[in-house]
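# Structural overview
The primary structure of each chain is shown beneath.
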Amino acid sequence: MAATDRRPRRWRVDQQKITGIVLLAIVGVLVLGPLAVLLRASVAPPNTMPLETWAVTFSNFKAIFEHPATPTIIGNTLLYAAGSVGIGVAIATFIAWLTERTDMPGQALIRVMMFAWMAVPPLVIGFGWILLINPGNGALNVLARNLFGVQGALFTIYSFWSLILITALSVVPTAYVMIAGLLRNMDPQMESAARVLGGGRFAVARRITLPLLTPGLFSIGIYMVMAVVQAFDLPLIIGLTAKIPVMSTRVFLLSVPDNGIPNYSLSSAFGVVLLAIAVVLMWLYFRAIRTGEKFRTVTGRGFRPKPAVLGALRWPAFTAAMLYFAIMALPVLMLAWTSLFPFYRLPSLEALPLASLANFHRVLDSALVQRALVNTVLLVVLSASVVMLLSALVAWFSVRGGGLLGRVLDVMSFAPTAVPPVVMVMAILILYIKTPLYGTVWVLIIGHLTIYIAFGTRTMTSALIQIHKELGDAAMISGASWATSLRKVILPLVWPQVANGWLWVAAHSARDLTIPLVLMTTNNVVIASVVYTMWDFPDVPGAAAVSFLLVAALLVVVVPVQLLASRASTRG
Amino acid sequence: MLAVRDLTKTFPARHDNGAVRALRGVSFDIADGDFFALLGPSGCGKTTMLQSIAGLETPDSGEIAMGDTVVYASAGGINIPANRRQLGMVFQSYAIWPHMTVFDNVAFPLAHGERKTGKAEIAERVKRALDLVKLGAFADRLAPHLSGGQQQRVALARALVHEPRLLLLDEPLSNLDAKLRDTMRIELRQLVKSLGITTLFVTHDQVEAMGMSDKLALMRDGVIVQQGTPQDIYLRPESAFAADFMGRSNLVAGRVNGNGAMVDVETPIGTIRCPAAATDLNDGIVVIRPQAVRLHGPGIGGQNCYAGTVEQVSFLGDVVEGEVRVGAGLLKIVVDPYRQVAPGQTVTVELPPERCVLVPPDSGSLP
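Residues numbered from 1 in each chain as written. Chains lettered and ligands numbered in written order. Predicted model: local features only at pLDDT ≥ 70, side-chain atom pairs only at ≥ 80, totals over all residues. Heavy atoms only, no water.

## Notes on the overall build of chain A
Secondary structure summary: chain A contains 23 helices and zero strands in total. Relative to the 2.2 N^0.38 estimate, which gives 25 Å for 572 residues, the radius of gyration of chain A is 26 Å and therefore close to what a compact globule would have. In chain A, buried positions account for 52% of the 572 residues. Contacts in chain A between residues far apart in sequence, at least 24 positions, make up 76% of those at least 6 positions apart. About 26,100 Å² of surface is accessible on chain A, with carbon and sulfur atoms providing 69% of the total. In chain A, the 39 positive side-chain charges and the 19 negative ones have mean positions that sit 7 Å from each other. (Helix = DSSP H or I, 4+ residues; strand = E, 2+ residues; numbered from the N terminus. Rg over C-alpha atoms; globule rule 2.2 N^0.38 Å. Buried < 20%, exposed > 50% of the residue type's maximum accessible area, 1.4 Å probe, protein only. Contact = heavy atoms within 4.5 Å. Areas by Shrake-Rupley, 256 points an atom, 1.4 Å probe, with all protein chains shown as cover. Lys, Arg positive; Asp, Glu negative; His and termini not counted. Charge placed at Lys NZ, Arg CZ, Asp CG, Glu CD.)

## Brief notes about the confidence of the model for chain A
If pLDDT is low for a region, its predicted coordinates should not be looked at in detail. All names here are of chain A. When pLDDT is averaged along chain A, the result is 85; 93% of the residues meet or exceed 70. No element of chain A has a lower mean pLDDT than helix α8 (residues 188–196), which averages 73, and none a higher one than helix α15 (residues 367–401), which averages 94. Scored below 50 in pLDDT, residues 1–12 makes 12 contacts in the model with residues more than four places away or belonging to other chains. (pLDDT = per-residue confidence, 0-100.)

## A word on a nonpolar patch on the surface
Residues Leu364, Leu373, Phe548 and Leu549 of chain A make up a contiguous nonpolar surface patch of about 300 Å² in total accessible area. Within the element layout of this structure, Phe548 of chain A appears in helix α23 (residues 540–571). (Patch = residues over 30% accessible without salt bridge, like charges linked within 9 Å, V, L, I, M, F, W, Y side chains within 5 Å. Salt bridge = Lys/Arg side-chain N within 4 Å of Asp/Glu carboxyl O.)

## A look at the state of the cysteines
Inspection of the entire model under this criterion finds zero disulfides over all chains. The cysteine Cys305 of chain B is free of any disulfide, with Cys356 of chain B supplying the nearest cysteine sulfur at 11 Å. (Disulfide = S-S within 2.5 Å.)

## Re the layout of surface pockets
Of the volumes computed, that of the second largest pocket is approximately 2,000 Å³. If you trace the second largest pocket, you find 50 residues lining it, with Arg400, Gly401 and Gly402 of chain A together with Leu56 and Glu57 of chain B closest to the centre. Those elements that place two or more of their residues in the lining of the second largest pocket are α1 (2–42), α15, α16 (403–414), α19 (469–477) and α20 (482–511) of chain A together with β1 (2–11) and α1 (46–54) of chain B. When residues of the lining of the second largest pocket are assigned to their parent elements, the largest contribution, six residues, is made by α15 of chain A. Residue composition of the lining of the second largest pocket, grouped by class: 17 nonpolar, 22 polar and 11 charged. (1 Å grid on protein atoms, 1.4 Å probe; cavity = no way out; pocket = protein on both sides within 12 Å on 5 of 7 lines; lining within 4 Å. Points joined across faces, edges and corners; volume = space filled by probe spheres on them. Nonpolar A, V, L, I, M, F, W, Y, C, P; charged D, E, K, R; others polar.)

## Notes on the domain arrangement of chain B
Residues and elements named next belong to chain B. Taken domain by domain, chain B comprises domain 1 (2–235) and domain 2 (240–359). For domain 1 and domain 2, the distance between their C-alpha centroids amounts to 39 Å. At the interface, 15 residues of domain 1 touch eight residues of domain 2. Of the roughly 950 Å² buried between domain 1 and domain 2, counting both surfaces, carbon and sulfur atoms make up 72%. There are zero salt bridges connecting domain 1 and domain 2. The tally of links between domain 1 and domain 2 comes to one residue pair in polar contact (both at pLDDT 80 or more). Elements with a minimum of two residues in the side of domain 1 that touches domain 2: α6 (206–212), β10 (215–220), β11 (223–228) and α7 (230–235). Per-element tally for the side of domain 1 that touches domain 2: the top contributor is β10, with four residues. Its residues assigned to classes, the side of domain 1 that touches domain 2 comprises 10 nonpolar, four polar and one charged. (Domains from an automatic or database assignment. Buried area = accessible area lost by both parts, 1.4 Å probe. Polar contact = N/O pair within 3.5 Å; in protein donor to acceptor, adjacent residues only side chain to side chain.)

## Structural notes on the packing of helix α7 (residues 160–185) of chain A against helix α13 (residues 314–338) of chain A
Residues and elements named next belong to chain A. Two numbers describe how α7 lies on α13: the axes approach to 11 Å, and their chain directions differ by 125°. One way to sum up the angle between α7 and α13 is to call them oblique. Crossing hand, α7 versus α13: left-handed. Side by side, α7 and α13 meet where Leu169, Ser170, Val172 and Pro173 of the first sit next to Tyr324, Ile327 and Met328 of the second. Residues belonging to the contact of α7 with α13 are distributed by class as follows: six nonpolar, one polar and no charged. (Axes fitted to C-alpha atoms, helices over the stretch in contact; angles between N-to-C directions. Parallel < 35°, antiparallel > 145°, perpendicular 65-115°, else oblique. Left-handed = near helix turned anticlockwise from the far one by under 90°.)

## Here we look at helix α22 (residues 527–536) of chain A
Across the 10 residues of α22 of chain A, eight count as buried, placing the element largely inside the fold. When α22 of chain A is considered as a whole, its buried residues turn out to be Ile527, Ala528, Ser529, Val530, Val531, Tyr532, Met534 and Trp535 of chain A.

## Digging into the nonpolar core
Ranked by internal contacts, the top residues of the largest apolar core, which has 215 residues, are Phe28 and Ile53 of chain B. With 14 residues, the top contributor of residues to this core is α15 of chain A. (Core = buried A, V, L, I, M, F, W, Y, C linked by side-chain atoms within 4.5 Å.)

## Details of the side chain of Ser267 of chain A
All names here are of chain A. Within the secondary structure, Ser267 sits in helix α12 (residues 264–294). Assessed through its relative accessible area of 0%, Ser267 is described here as buried. Excluding residues that lie within four positions of it along the chain, Ser267 makes contacts with Val251, Leu254, Ser255 and Met426.

## Notes on the packing of aromatic side chains
Residue and element names in this part refer to chain A. Under the definition given, this model contains 18 aromatic pairs over all chains. Between Phe127 and Trp535, the ring centres sit 4.0 Å apart and the planes meet at 15°, which makes this aromatic pair stacked. Here Trp535 lies in helix α22 and Phe127 lies in helix α5 (residues 122–133), a separation of 408 residues in the sequence. Residue classification places Trp535 among the buried positions, given a relative accessible area of 15%. A centroid spacing of 5.9 Å and a plane angle of 85° characterise the contact between Tyr452 and Trp504, whose relative ring orientation is edge-to-face. With a gap of 52 residues between them, Tyr452 in helix α18 (residues 441–466) and Trp504 in helix α20 connect regions that are remote in the sequence. (Phe/Tyr/Trp six-rings, centres within 6.5 Å; stacked < 30°, edge-to-face > 60°.)

Below, the structure is given as structure tokens:
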């Protein structure tokens, strides 16, 4: 009996082992490849292809730290991040408090709109604001001139303040989602106890609520700073014209210069510096989380805190929250308006009869846009699907597989979180530029796999932890192979999280500009890079039309899912 | 049917605690058709043992054989994976798959197991399994819509439907309320015995272990301290730990005098005459079950008779528990509720020698 068992047994044991090894190889190439190249390139002599020489020099770092502009760039980056996060988190906290802890009307509406806004690309918002408040013919400036006789420009898009404010507005939705979760999980009994013991409402807010929230808010703040330091789109389209260089745009311009040849070694060195800053922030973030854990207040399950009664302030509060959405909607409406005319016009009633869909016909007929559409669909669908597949497997090995393999996979797939996308994509560029993959949509997919696998793995890990280990064991004992137990038991149980993660990756992959722009050739254009090139060309109405289509497509996918999810969460 | 030889397993040290030697050379056998219980306090290694037999955990060394098939042997590098060991298992959480109906849950081992089975046969065998656990009417119900007791029955049907060669039960009663536990205890044993399936049952509850098993093994700190029938272990414990774990008992320490079949033990209560232990001892512990103590009126003499005073009494209904001060010691006793016992009463306590068990002094700590 033992003899007949031997042959099939070997294959079956290996089913799991082989998958693990293949997974390790894929994630290793995806993550470690670019990082190794980045480090290598940063110590390569200037003006060489980093992979074609063995020379090692630290002149790049020396050049960075000796260059007079470097302190300005780092200072700009930190000021930019701190300013926009400070303002963004303040707005988000206020709205989150209104929707989670008061009796303000329309809370569900605001929650869904927040989620929906996360789908709008910062690129599009940036272009919209440029149309609204550029100093020459920005719509709001012209309006101010006509209505109040203001001389010159009332607002200007090309200033540090505009960059900070617009970024602040665009980080609000993400911050809101995190802060609302924090408020929802806070045990209301802590506040009730203080009230019962005689604390007034103001005293309770100041002495109990705020101190309890501080560690959570702090860690959210650091997370957002990390995101803004890595942000690329807005600094590119607003910051460059305003002559406010930050680190991410610096890395970009060195590797993809408007003229001259790319200086990969210097930009890699810059990338390493940016990476170091990101790693420090990450370390701070984890410290903050751990401090937060110490007095974490997530105990009161099912407890709904008694909402604060706003009374006469209910509707003003609602109006204030909606004001945020009105401001957020302005740039998109401006783009929509612009897309209706063959050349740029100020919004006015007189112009309305001239509106037409000609731009949409024009862009949809263009071969470039058509190619971009096909590429985008390929990029989005494949990136999201492969990310979720890899993530689900990595998460299984790290949660259930145990051992060294699981831990290595877990750490490796999380590492890209610390790597700013613009740095990662530059490393990918250096790594793949001499391969046939460069210039195809496949290299974009590789980029998105690398960047989004960290998110996918987080999602799937927390999903799998919720699944009782015995559910999988029971399938194995019943005689099912490892693959069958995954397919028939585990996957159906984590299906909602897989779908949610897929949607998140798809939405982010569709709106991302960093990867497609750095790796752009005439063949692998996608919608985001087409919008950017049309704008740059300039074909502003065309860019507006494509932007509008992109936003519409994202909203059409994201909003219904959010509505379903919000209904499911209020029911359950 | 099941033979386990010298099984060892050590879990490496984690950041906050040192290495755990969960199994330190465990051996035991289960005869064909037996209901065998693995009993012990939490952390004794019984769960690791069960997981190793199931194939969900890989031991460090030793051998496990089921019938003629060696499923694990460190020497031969044999380790048949869990899905090919032809086992049935009821998990502590029941592990009923919430996204499937009762029928699909039970059909799983047939539909996706080692030997694929035809649709018609699956339907037939699932129906039989569900009828066996009296859930025939629930086939189309979604699993989460079942009560705890029903979920347990589904788990049992699922574990039996493919006629496994060994049934593993991991604390299957611990998630049920007390009343249901009592009925399920009897039902489960009857069902399994009627099918003649060899069963290994893991529990920390000595009442469950004694009430259900033909044989049991008592584990502590990764070793089996005693195995045998429930009566064996309850009435003739070989250690103070076994005595204490199996139920309430008086553990009276003393110095052993004499050698031969019967010895005298000098204890705070007095000199107790009892059968000698398996090995020669200088110091020992006399184990006396509260039920072993005979209570008489004051002033009666005889072998192992001592004068005492009742210190306290709790009337529990089905029994009366009390404590009697004898000499410098305190003895737990149990009497029937119709007997009048009151604190302060003077009594004679008789400890029949054949009911006293001498065991070696305990080396480790008692749970």
